Amino acid sequence: MTLKTLSPEAAGALLAQGAVLVDIRSANEHARVRIAQARHIPLAKLAQGAMRFEGASAVIFHCRSGARTLMNAQLLDGCAACDTYLLEGGLDAWKRADLPIVTDARQPLELQRQVQIAAGAAVFAGTALGATLSPWFYALSGFIGAGLVFAGVSGFCGLARLLMKAPWNRRALSS
């Protein structure tokens, strides 16, 4: 079997015929915006071989942009004994096609966006304070930059771990 791509419209038609749509994004991504018909099974759980989709006529996998599903196509193709597909362009394309989604604005932004906002704000503050008050504030921007490089190289992001403990994120994970 090979993982084929489907446009959002073709995926919608296949869903109407009984296909299973699987959202492979993390829980915090899925909580805020999702396709109503999608079953949420994170990529890490699929990688453990926990789901095999026995009896399904077809399985369509999606992420936010389609990049994650494309990068993991071989793994995803092995998750079902039936035809497997990749939703071309992911959730973003589904929204652009004006197909129905479920949005829960009470849920926090996904963690990656929170990290980007916090890191960007800290770098901006360090630069602005360094230019106006004291050059020592430039160290804040350097520290954040070094942390981002470390996160990219090691896969460990201390800022993300810290943000996961924030009250708004703990509340979202418990519901």
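What this report covers is the structure whose coordinates are included nearby. Residue indices begin from 1 for each chain and proceed along its sequence in written order. Given that the model is predicted, a residue must reach a pLDDT of at least 70 before its local features are reported, and side-chain atom pairs must reach 80 or more before they are shown or counted; all residues, however, enter totals for whole chains, interfaces and linings. Side-chain metrics in this entry use all non-hydrogen atoms of the structure; hydrogen atoms and water are not considered.

### Some details on the packing of helix 7 (residues 111-132) against helix 8 (residues 138-154)
- Interhelical geometry of helix 7 versus helix 8 gives an angle of 155 degrees and a closest axis separation of 6 Å. One way to sum up the angle between helix 7 and helix 8 is to call them roughly antiparallel. For the pair helix 7 and helix 8, the sense of crossing is left-handed. For the pair helix 7 and helix 8, contact is made by Ala119, Ala122, Val123, Gly126, Thr127, Gly130 and Ala131 and by Tyr138, Leu140, Ser141, Ile144 and Leu148, respectively.
- Any residue outside Ala, Val, Leu, Ile, Met, Phe, Trp, Tyr, Cys, Pro, Asp, Glu, Lys and Arg is labelled polar, Gly included; the first ten of those are nonpolar and the last four are charged. Of the residues belonging to the contact of helix 7 with helix 8, the class tally is eight nonpolar, four polar and no charged. All axes are obtained by fitting lines to C-alpha atoms, using only the stretch in contact for helices, and the reported angles, taken between N-to-C directions, cover 0 to 180 degrees. Put simply, DSSP marks the helices as runs of H or I at least four residues long and the strands as runs of E at least two long, and each gets a number from the N terminus on. What sets the label is the angle itself: under 35 degrees gives roughly parallel, over 145 gives roughly antiparallel, 65 to 115 gives roughly perpendicular, and the rest give oblique. Rotating anticlockwise by less than a right angle from the far helix to the near helix defines a left-handed crossing, while the corresponding clockwise rotation defines a right-handed one. Contacts are assigned to residue pairs with any non-hydrogen atoms lying within 4.5 Å of each other.

### Considerations on the pairing of strand 2 (residues 20-23)
- Burial classes: relative accessible area under 20% of the type maximum marks a residue as buried, over 50% as exposed, and values in between as partly exposed (1.4 Å probe, protein chains only). Where burial is concerned, the two faces of strand 2 agree: the one with Val20 and Val22 and the one with Leu21 and Asp23 are both buried.
- Two strands are counted as paired when DSSP detects at least two bridges linking them. Bridging between strand 2 and strand 5 (residues 58-62) involves four bridges; their strand directions are parallel. Each residue of the ladder has a partner; that of Val22, found in strand 5, is Phe61.
- In this sheet, strand 4 (residues 39-40) lies alongside strand 2 in parallel orientation, the contact comprising two bridges. Paired with Val22 across the two strands is Arg39, which belongs to strand 4.

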